[in-house]
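Understanding the architecture of this molecule
The primary structure of each chain is shown beneath.
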Amino acid sequence: MPDNTIYNLLLTAHSWTRWFILLLALAVLFKSYKGWIEQSPFGKGDNALSAAWVGLILFNALTGFVLYEISPLLNNPSVDAMSFGEIMKNKMLRFWKVEHLTLMLLAAVIAQFGRIRIKRQSTDTKRHKVSALYFTIGFILILAGIPWAETGRLFRF
Ligand code: HEM
């Protein structure tokens, strides 16, 4: 398979997974805050939902790292010839080389850490609370890392 077929496949998967991550985030946060406020049991469904959400984030981190290495946007002779300082002065390159990577990586680590912390709580209300707090931070970081203004990247076919 030629390199650009793999690139296009990964980019499309990476792009569409974003929408599933955002949709699931709304469900996860709604259930966490509701469970926290109503002090309801933390059921298998709550656990499965957050596992699916964090799993999708990790999937996108994985495809993202491959894209980082093979994307022609970031890997071409003119970018290769630039120093780190020059890259930081270029808004588009700074976003993809540094900001997107950092925000999404942080989101993935915080969401995964949240999953670990949930399991360590002694009551269901605390599980919902920890879930609400960690996943809110992860969600905000993800929202900040998505290139919303680049309309060509919203729906990729
Ligand atoms: C550490 C994790 C991640 C890395 C290293 C990474 C890396 C990248 C790279 C290199 C691109 C640009 C590809 C190109 O245009 O050639 C990209 C695009 C994108 N990423 Fe990520 N990414 C990560 C996580 C995520 C996550 C978790 C989300 C969403 C929740 C996300 C959403 C997007 C979107 C929406 C685009 C634009 C896709 C398009 O042009 O259709 N990324 N990512």
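Before reading on, note that the structure itself is shown above.
Just so it is clear, the model here is predicted, and its values are computed rather than measured.

**Topic: the nonpolar core**
Inside soluble globular proteins, nonpolar side chains tend to come together where they are buried. Trp-53, Ile-57, Ala-107, Ala-111 and Phe-135 are the most contacted members of the largest nonpolar core, which has 19 residues in total. For this core, the secondary structure elements donating two or more residues are helix H1 (3-38), helix H2 (44-70), helix H5 (91-119) and helix H6 (124-145). Excluding anything up to four places from it in sequence, Phe-135 contacts Val-28, Leu-29, Ser-32, Ser-50, Ala-111 and Gly-114.

**Considering the site of the ligand**
Taken together, 26 residues form the shell around the ligand, and within it Ser-15, Gly-64, Ser-71, Met-104 and Arg-153 come nearest. Only H1, H2 and H5 provide two or more residues apiece to the shell around the ligand. With seven residues, the top contributor of residues to the shell around the ligand is H2.

**A few points about H6**
Between its terminal C-alpha atoms H6 stretches 31 Å, which fits the 32 Å expected from 22 residues at 1.5 Å a residue. For H6, the complete set of buried residues consists of Arg-127, His-128, Val-130, Ser-131, Ala-132, Tyr-134, Phe-135, Gly-138, Phe-139 and Ile-142.

**Some points on unusual backbone geometry**
The phi angle at Gln-39 is positive, at roughly 55°, despite the residue not being glycine. Mapped onto the elements, Gln-39 comes out in the loop between H1 and H2. A tally of 11 C-beta atoms within 10 Å means that Gln-39 is categorised as exposed.

Thresholds, definitions, all that
Residues numbered from 1 in each chain as written. Predicted model: local features only at pLDDT ≥ 70, side-chain atom pairs only at ≥ 80, totals over all residues. Core = buried A, V, L, I, M, F, W, Y, C linked by C-beta atoms within 7 Å. Buried ≥ 20, exposed ≤ 12 C-beta atoms within 10 Å, placed from the backbone. Helix = DSSP H or I, 4+ residues; strand = E, 2+ residues; numbered from the N terminus. Contact = placed C-beta atoms within 7 Å. Near = placed C-beta within 6 Å. Expected span 1.5 Å × (residues − 1).

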